Amino acid sequence: MNSKTFFSLIAPAKLNLFLHINARRDDGYHELETLFTFLNFGDELSFELTGESSILITGDTKDIPLEDNLIYKAALMLQTDTKTKHGVKINLIKRLPMGGGVGGGSSDAATTLLALNKLWNINYDINKLANLGLQLGADVPVFIRGESAIAQGIGEKLHRVELAQKWYCVVHPNQHVSTAKIFTHPDLKRDTPKISGDWKQQTLHNDCEPLVKKLCPEVEKTLQWLLKYAPSKMTGTGSCCFVEFDTQAQASHVLANLPHTWQGFVASNANISPAHTELTAIFDQ
Ligand SMILES: C[C@](O)(CO)[C@H](O)COP(=O)(O)OP(=O)(O)OC[C@H]1O[C@@H](n2ccc(N)nc2=O)[C@H](O)[C@@H]1O
Ligand SMILES: Nc1ncnc2c1ncn2[C@@H]1O[C@H](COP(=O)(O)OP(=O)(O)OP(=O)(O)O)[C@@H](O)[C@H]1O
């Protein structure tokens, strides 16, 4: 089979290394400042040109109705926008916890847009794809652009940053936290001042963490447990928590001791999204 009409791509996890909420806008969305890094771990999507115009999704779609699945929504959006006659069969292997704050749904959507842009020969530039992606979720543009970045605005204004390579042990406390529920909660802290000067010199934190700990004691327990090994943090609106190390061995040691009630994984971070690295290897070499 032709490797350009049938190929697999990762939809990597992201971590928010910090997340400051500065204000609430009139439309309910929040102005924030957050540092995104990508992990070398994620869902796996395969794309096959079928010769028909339908969009078929198979694999670990769990109980998400087709019309709500961000993979389907992304494919349909691109098909409608371009009026292409092409269709696709997409298979999903799900490894990222849903509602875990590691951006699984957004990353699936971004990988779908990046892949179909090539498979259907559309050739939209990254700006156009990122603008389309933003309609699917605030986190989609960073996955489309594929560079570790500080995000501002509602998450769509991205400033590229270079981060040192680290190893992370990411723990999912078996809790699903709804992003919308956290952002609409009256107790969410929404007034952290915008960072002025070099962000590396500042005290950085996640404004969602105190509220999620209060609403979800299992997250509090996870953060406490991880503290035995290193300073622990929560990503996004939770529920995943993580610790950072210089070596794989240190991160793997934490995972090896993880209580059985929780799941976790170990991964290094990447300044370029592994989805982009894989796509370049398929199409540009
Ligand atoms: C918190 C983060 O995970 C940080 O990476 C993201 O900003 C959330 O991104 P996302 O999951 O793609 O979010 P969306 O699907 O666009 O929005 C989910 C819900 O979160 C709230 N939301 C999201 C992003 C933002 N900047 N302000 C918000 O208030 C809105 O209530 C929205 O209804
Ligand atoms: N392909 C998909 N994969 C995961 N979730 C999906 C998908 N399609 C739709 N969703 C819906 O999106 C919701 C959020 O999923 P996601 O895994 O992106 O959450 P998250 O990791 O908390 O994201 P974020 O950090 O962006 O808030 C899920 O609860 C699910 O109902």
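Residues numbered from 1 in each chain as written. Chains lettered and ligands numbered in written order. Predicted model: local features only at pLDDT ≥ 70, side-chain atom pairs only at ≥ 80, totals over all residues. Heavy atoms only, no water.

Put simply, the rule is: UniProt positions are given in the numbering used here, feature names are shortened, and annotations may be inferred rather than shown by experiment.
Per an unreviewed UniProt entry, the protein is named 4-diphosphocytidyl-2-C-methyl-D-erythritol kinase, and its organism is Pseudoalteromonas marina. Heading Sequence similarities (unreviewed entry) of the UniProt record for the protein holds this comment: "Belongs to the GHMP kinase family. IspE subfamily." Per its UniProt entry, the protein bears the Pathway (unreviewed entry) comment "Isoprenoid biosynthesis; isopentenyl diphosphate biosynthesis via DXP pathway; isopentenyl diphosphate from 1-deoxy-D-xylulose 5-phosphate: step 3/6."

### A look at the pattern of salt bridges
As a reminder of what qualifies: Counted as salt bridges are all cases of a side-chain nitrogen of Lys or Arg within 4 Å of a carboxyl oxygen of Asp or Glu. Starting at the N terminus, helices and strands are each numbered in turn, a helix being any DSSP run of H or I of at least four residues and a strand any DSSP run of E of at least two. Here's how the labels work: a residue is buried when its accessible area is under 20% of the maximum for its type, exposed when over 50%, partly exposed in between, all with a 1.4 Å probe on protein chains only.
Throughout the structure, instances matching the rule amount to 14 salt bridges. When the shortest N-O distance is used, the salt bridge between Lys94 and Asp108 registers 3.0 Å. With Lys94 in the loop between strand S4 (88–93) and helix H2 (104–119) and Asp108 in helix H2, this residue pair connects regions lying 14 residues apart in the sequence. Note on Lys94: relative accessible area 14%, which makes it buried. Put simply, Asp191 and Lys189 hold a salt bridge, and the shortest N to O gap is 2.8 Å. Among the charged side chains, a network of salt bridges with common partners joins Asp43, Lys94 and Asp108.

### Comments concerning the UniProt feature "active site" (unreviewed entry) in the protein
Which entries qualify depends on this criterion: By the convention used here, residues are in contact when the closest approach between their heavy atoms is within 4.5 Å.
Under the UniProt annotation, the feature "active site" (unreviewed entry) is placed at Lys14 and Asp139. These annotated residues cover 126 residues of sequence, and their C-alpha atoms all fall within 9.5 Å of one another, placing them together at a single site. Tracing the backbone shows Lys14 in strand S1 (residues 6–24). Lys14 sits in the buried class, given a relative accessible area of 3%. Filtering out sequence-adjacent residues up to four positions away, Lys14 remains in contact with Phe36, Thr37, Phe38, Gly101, Val102, Gly103, Asp139, Phe143, Thr235 and Gly236. Mapped onto the elements, Asp139 comes out in the loop between helix H3 (126–134) and helix H4 (140–145). If we skip the residues at most four places from it in the chain, Asp139 touches Lys14, Phe36 and Ser106.

### Let's talk about the packing of aromatic side chains
What counts here: The aromatic pairing rule takes the rings of Phe, Tyr and Trp, using the six-membered ring of Trp, and pairs them if the centres are within 6.5 Å, calling planes under 30 degrees apart stacked, those over 60 edge-to-face and the rest tilted. Only when the NZ atom of a Lys or the CZ atom of an Arg is both within 6 Å of the ring centre and within 35 degrees of the ring normal do we say a charge sits over the ring.
Applying the stated criterion across every chain, the model contains 8 aromatic pairs. Ring centres of Tyr168 and Phe242 lie 5.9 Å apart, and the angle between their planes is 70 degrees; this geometry places the pair in the edge-to-face category. With Tyr168 in strand S7 (residues 167–172) and Phe242 in strand S9 (residues 241–245), this residue pair connects regions lying 74 residues apart in the sequence. Of the two residues, Tyr168 and Phe242, both sit in the buried class. Taken together, Phe7, Phe47 and Phe283 form an aromatic cluster joined through their ring pairs. When the ring centre of Tyr124 is taken as origin, the NZ or CZ atom of Lys128, which lies over that ring, is 4.7 Å away.

### A look at the side chain of His20
Short version of the rule: Whenever two N or O atoms come within 3.5 Å, that pair is a polar contact, provided that in protein one can donate a hydrogen and the other can accept it, and provided that, for residues adjacent in sequence, both atoms are side-chain atoms.
With respect to the helices, strands and loops of the structure, His20 is situated in strand S1. Overall, the relative accessible area of 3% leaves His20 in the buried class. Engagement of the side chain of His20 in a polar contact is seen with the backbone nitrogen of His205, the distance being 3.1 Å. Those residues in contact with His20 that lie beyond four places of it in its chain are Glu31, Leu32, Glu33, Thr192, Ile195, Thr203, Leu204, His205 and Asp207.

### Topic: the site of ligand 2
Cut-off, in case you're wondering: It suffices for a single heavy atom of a residue to lie within 4 Å of a molecule or strand for the residue to be listed as near it. In these tables, accessible area is a Shrake-Rupley quantity obtained with a 1.4 Å probe, and a residue counts as shielded only by the protein chains included in the view. Three residue categories are used. Nonpolar comprises Ala, Val, Leu, Ile, Met, Phe, Trp, Tyr, Cys and Pro, charged comprises Asp, Glu, Lys and Arg, and polar comprises the others, including Gly.
Taken together, 21 residues lie around ligand 2, and Lys14, Leu70, Gly105, Asp139 and Thr179 are the ones closest in. Lys14 has a polar side-chain atom sitting 2.9 Å from an oxygen atom of ligand 2. A distance of 3.4 Å is found between an oxygen atom of ligand 2 and a backbone nitrogen or oxygen belonging to Gly100. Considered on its own, ligand 2 offers 620 Å² of accessible surface; in the complex 81% of this is hidden by protein. At 4 residues, H2 tops the list of elements feeding residues into the shell around ligand 2. Of the residues assigned to the shell around ligand 2, the class counts are 6 nonpolar, 10 polar and 5 charged.

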